Amino acid sequence: MAVRTLRLLLVAALTGALLPVVSTGVATAAALPPGFVLQDTDSGLGSYQLTDFAYLPGNSVLATGKDGVVRWLPVTGAGRTIAALPVHADGDLGLVGLAVAPDYTTSRAIYLTRSINTAGGFVMRLSRFTVTVDAAGAPAGLTGERPVFEAPGTFNVHGIDTVHAAADGTLWLSVGDDSDYRMTDPGALRAQDVNQPYGKILHLTADGQGVPGNPYFDAANPGSTASKVFARGFRNPFRFGIDASLGLPVAGDVGWSNWEELDVVQRGANQGWPCWEGNHRTPGYSDLAGCAGVPNQPPLFELPHGAGVMTGNSVTGGIVYNGAGYPAAYRGSYFFGDYVANKIWTLRYDDQGRLTQAPENPPVFTGIGGPVKFAAAPNGDIVYADILSGNLRRLSYSAGNTAPVAKATTSTNPATRTVSFDGSASVDYDGDALVYDWDFGDGTTAADAGPNVSHAYAAGTTSFTAKLRVRDPLGLSGEVAIAVAPANHTPVLTLTPPGTTAFAVNQQVAVRATATDAEDGALPITWTTAVRHCPSEATCHSHPGIGGTGASFAQAFTAHPDSRMEFTATVTDSAGVATSQTYTAMPRQHRITLRGTQPASLGIPVEGGVSSAMVTEGASFDVEAAPLAIDGASRFSGWQGGPAEPTWIVTVGTGDLTLTANYATPIDQRYDADAAVRATLGAPVAAESTDGPVHYRVYANGRLYWSAETGTRYVTGPVLDKYLAFGGHGVLGPPSFDTLTTPDGMAQYNHFLTNGTVGSIYSTAATGAHVIFGEIRKKWAELDYERGVGYPTTDELGTPDGVARYNHFVKDGGVGSIYYTTATGAHAIYGEIRKKWAELDYERGVGYPTTDELGTPDGVGRYNHFVKDGWVGSIYYTTATGAHAIYGEIRKKWAALDYERGLGYPATDELGTPDGVGRYNHFTAGGSIYYTWSTGAHMVKGEIRKRWAALGWEYSYLHYPRSDEYVTNGAYRSDFEGGYITYTLAAGARERHW
Ligand SMILES: [Ca+2]
Ligand SMILES: [Ca+2]
Ligand SMILES: [Ca+2]
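Predicted model, so just to flag it, every value in this text is computed and none were measured. (Residues numbered from 1 in each chain as written. Chains lettered and ligands numbered in written order. Predicted model: local features only at pLDDT ≥ 70, side-chain atom pairs only at ≥ 80, totals over all residues.)

Colleague: Looking at this model, I keep getting lost on the overall build of the protein. Mind explaining?
Modeller: Tallying secondary structure elements over the protein gives 11 helices and 78 strands in all. Against the globule reference of 30 Å for 994 residues, the protein gives a C-alpha radius of gyration of 42 Å, more extended than a compact globule. Along the three orthogonal principal directions, the C-alpha set of the protein runs to about 165 × 65 × 50 Å. Counting over 994 residues, the protein shows a buried share of 50%. For the protein, the share of sequence-separated contacts (at least 6 apart) that also reach a separation of at least 24 residues comes to 54%. (Helix = DSSP H or I, 4+ residues; strand = E, 2+ residues; numbered from the N terminus. Rg over C-alpha atoms; globule rule 2.2 N^0.38 Å. Buried ≥ 20, exposed ≤ 12 C-beta atoms within 10 Å, placed from the backbone. Contact = placed C-beta atoms within 7 Å.)

Colleague: How should I be thinking about the sheet that holds strand β74 (residues 936–941) in this particular structure?
Modeller: Note: strands within a sheet are paired through backbone hydrogen bonds, in either parallel or antiparallel orientation. As summarised here, the arrangement of the 4 strands in space is β71-β72-β73-β74, forming an open sheet in which the pairing is antiparallel. Edge strands, defined here as strands with exactly one partner in the open sheet, are β71 (911–912) and β74. Pairing of strand β72 (residues 919–922) with strand β73 (residues 927–932), which is carried by 4 bridges, proceeds in the antiparallel orientation. Note on β73: the bridge partner recorded for Asn921 is Ile929. Against the sheet, helix α10 (residues 888–896) engages β72, β73 and β74, with an angle of about 50° to β74. Together, β73 and β74 form the strand contacts of helix α11 (residues 942–951), whose direction differs from that of β74 by roughly 100°. (Pairing = 2+ DSSP bridges. Axes fitted to C-alpha atoms, helices over the stretch in contact; angles between N-to-C directions.)

Colleague: Can you walk me through the sheet that holds strand β32 (residues 445–446) in this structure?
Modeller: The antiparallel open sheet is built from 4 strands, whose spatial order is β32-β31-β34-β35. Among the strands making up the open sheet, the edge pair consists of β32 and β35 (477–484). Examined bridge by bridge, strand β31 (residues 435–439) and strand β34 (residues 464–471) share 5 bridges and lie antiparallel to one another. Counterpart to Asp439 in the pairing with β34 is Lys467.

Colleague: So what exactly am I meant to see when it comes to the pairing of strand β60 (residues 768–773) here?
Modeller: For β60, the buried fraction is high: 5 of the 6 residues fall into the buried class. Pairing of strand β59 (residues 757–764) with β60, which is carried by 6 bridges, proceeds in the antiparallel orientation. Looking at the pairing, Ser760 lines up with Ile772 of β60. The antiparallel hairpin formed by β59 and β60 contains 3 residues in its connecting segment.

Colleague: Explain the UniProt feature "domain: PKD" (unreviewed entry) in the protein here, please?
Modeller: As recorded in UniProt, the feature "domain: PKD" (unreviewed entry) lies at residues 431–459. The span residues 431–459 carries 0% helix and 41% strand; its end-to-end C-alpha distance comes to 40 Å. (UniProt positions renumbered as here; feature names shortened; annotations may be inferred.)

Colleague: How do you make sense of the environment of Gln352 when you look at a structure like this?
Modeller: Along the chain, Gln352 turns up in the loop between β23 (343–349) and β24 (355–357). Classification of Gln352 as partly exposed rests on a count of 19 C-beta atoms within 10 Å. Sequence separation between Gln352 and Glu782 is 430 residues, and the spatial gap between their C-alpha atoms is 40 Å. Not counting the four nearest positions on each side in its chain, Gln352 is found in contact with Leu628, Ile630 and Gly632.

Colleague: Which parts of the structure should I look at to understand the confidence of the model for the protein?
Modeller: Detailed conclusions should not be drawn from predicted coordinates in areas where pLDDT is low. With 96% of its residues at a pLDDT of at least 70, the protein reaches an overall mean of 93. For residues 1–28, every residue scores under 50 in pLDDT, and the model assigns this stretch 41 contacts once sequence neighbours within four places are set aside. (pLDDT = per-residue confidence, 0-100.)

Colleague: It is not clear to me how the domain arrangement of the protein should be interpreted in this structure. Could you clarify?
Modeller: Accessible area lost during the coming together of the parts is what is often quoted as the interface size. The assigned domain composition of the protein is domain 1 (2–400), domain 2 (409–587), domain 3 (589–664), domain 4 (823–930) and domain 5 (934–994). Computed over C-alpha atoms, the centres of domain 3 and domain 5 are 99 Å apart. (Domains from an automatic or database assignment.)

Colleague: Please explain the nonpolar core as it appears in this structure.
Modeller: Generally speaking, a soluble globular protein has its nonpolar side chains buried in company with each other. One finds Phe53, Leu62, Ile110, Tyr111, Leu173 and Ile201 to be the most contacted residues of the largest nonpolar core, which totals 146 residues. The element contributing the most residues to this core is strand β9 (residues 122–133), with 5 residues. Excluding its chain neighbours within four sequence positions, the residues that come into contact with Ile110 are Leu62, Leu98, Ala99, Val100, Ala101, Phe129 and Val131. (Core = buried A, V, L, I, M, F, W, Y, C linked by C-beta atoms within 7 Å.)

Colleague: Would you explain the environment of Ala625 in this entry?
Modeller: Here Ala625 shows up in strand β49 (residues 620–625). For Ala625, a count of 27 C-beta atoms within 10 Å corresponds to the buried category. Along the chain, Ala625 and Asp656 lie 31 residues apart, while their C-alpha atoms are 19 Å from each other. Setting aside residues up to four positions removed in sequence, Ala625 forms contacts with Ala600, Leu602, Phe636, Pro646 and Ala661.

Colleague: Please explain unusual backbone geometry as it appears in this structure.
Modeller: A negative phi holds for most residues other than glycine; trans holds for most peptide bonds. In the segment running from Trp273 into Pro274, the intervening peptide bond is cis, with an omega of 5°. Following Asn361, the chain continues to Pro362 via a peptide bond in cis, the omega torsion being 0°. Looking at where Pro362 falls in the secondary structure, it is placed in the loop between β24 and β25 (365–366). For Arg417, which is not a glycine, the phi torsion comes out positive at approximately 55°. Relative to the helices and strands, Arg417 resides in the loop between β29 (409–413) and β30 (418–422). Look at Arg417 and you get partly exposed, because 18 C-beta atoms sit within 10 Å. Located in the positive-phi region is Asp898, a residue other than glycine, with phi close to 75°.

As structure tokens, this is what we get:
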């Protein structure tokens, strides 16, 4: 089996030996669209080890190895191992997930997911660690592990996966089904159980409790598994990101036999595993009892398994490209990959999570290695961890690259004529690593010598123009000229920053400086300013500002969003040697978080459309809400404390700010618009709940339910009590009608819909409330609902033999039933026929009905046919005879004689003769059929039968008939065991011995 082989290879690969590592700088082996290049960085973890990575402030990187190693990779230069954690690394387990806390700058906190050996097996754990730093402030180790989440491990694949540390301090975590992929493993059904962590995406507070907005959150028990569950029904949501506008996970769920899928994961969603894979019922699982009634949230996109062009075998969920360097066709696109197929695709979805652009066919990024994690470089470039090579591979678009800017300062020791050059202030706004080429102006150079060099100039010379050229990996460079005078002292500049370090918009930033020079004495100071704009730290760029001169300089802090201000004091001495110092005034920022009362696309346009951002105090900007929530049905109805329009101009105050967009759900819309509904239901007693595709709200006198398929409907009274007792929408699906009263005024009822199956609850004072659904309900509806066999007096029940399902009904005191078996279908039985059938011990007598009650062509009789163990039986009813059963060999004979058109209707049930040997039915046309094991079934009738009766029936010497009546030699004749009887009009009936 190809899939199984592949999976085993995959597991083998993940635990396999090292392959040679190739680090080529700019790689060219992959097939990429024109203009794209891959820049590789060796993680130092080796092949089949690199699992995850994340950028730290300052653009260095942390990377994790499956075997528990954590490495720090500086922007330039060699990386180093900072930790080697104990792990349980079987299968695809080990150290697989990493996230950097949003407050890392102050907390130095990171989160890791890994599996760990225990005495009895292993556990899967999410922990917070603190990064320790060396004297230079560079990461050196990990300390202070604090477990945040832990679950027992059960199988060696699909364990704890990705952790995402959200800007609001909460944590998102994915956990696979941790079940045996080699078979139909009932353990996979845990993915459906909200009280089990497996097969889930969880949303946690920083200390591991459930987030209060979670769909099954229990305020009395926030640490319960259900409180932590955000969505369920995943097989292995190995990688996911959080969409910046929707605030929702977008996950790649690794498939089993046939389909890989991508999911925009709504709160409370049930993505269907193991009952569904992609949009398909899962062979081996879908017929299990645990999959009964399980709905499927369709994936955003599904990709079939195989070796074809548009196939995948292990999807890796990715991220949306939000940089500015790629061509427009890729901006705002979602990049994802397949680790086995070595491909990357892009797609687009709208603000309701609907696919608007399918992945490229054929794929345009191929042979790209084995992506196991996607993240954004500082300028937004897509970067992925390639587990095959152990490299971080950055996908850059060469035409979108920006050139680096060279900056250099000097310090001269005239005694030794040695000049120290410092180029470390040079910047590349793509975050590219730079190469520093120095030209000292005296004919000597130092290529790729790093940002700090010194050079001793020969005696007897006075001045030079040195140059620093900085190059980025995509071939662009920047250059700066530096005036050098080896015998001259560099001016000394002292800059005094303001008392505060962070500023609100329009707050004055006052900077002072003094300058002295050994040769020139006091020197005038020139000031320049720049606004450095860094939206989301992704694409910084500078705008030159107003300058000035003098010992002090002040300016109002910029209103430009996400910007810092650089105040640079420069002095130049008489030798032309300049020195400068820069003070960077940082914005005083607060976190703006947009929330919707329903998941919805909410954005801060000036921040690139994200729903949560740090924004400068005093800044004014727009926030925007989508008119429809992601469910496609809830409508924006205004900002809490703000305008009713979707756009709101907000000014940031002195603290963090959460703005909430109200969405009127379909339930709200109906309740608010319909006075009759309000009168029926009374006041709400709880907030609206979400359970997958079904939303509901509890009111004093009932509930409103909504699903996209059924609309907004209410359920009340005893029908609601029954519905809830029966398992509610989880079993029957949401209501497709309001609770109504039947035309006869006797019953309250509702219909419900799940996976195309209709169920109903009917409640009358006499019968109570009962559930009918499926095939039995179809039959009941076909027979004109309650006007046919009446109201149900039972729920659907199973027969003791486990073969049939049935409901009983009552109408005008008469009992009816509908029985269903897979072999017979559903059939109704009622009235006198049902009484007879019940008298004959129900299905244990003549078996299950194979017809409804039907009428004979002559309009006289009514009948049902039945089957038991392959034997056909019938019960026939006429007003004259009542109901009688006929079956077995006697029925066969009767049928052969043309049913009621032959001998008439049965006048008895099948009876046994007193001697215990024979069986017989009498019929209305004056005939009988007698059966014995040795003679078979034979008809006897008319004058012959009268004569036989007169002789004493089977007690006579004739015993039992051994032929039907036939004509011979002008006479009617029946043969018996002991002789025969003939009849002619002339002679009447005469019997003879053999
Ligand atoms: Ca699914
Ligand atoms: Ca660049
Ligand atoms: Ca000087």
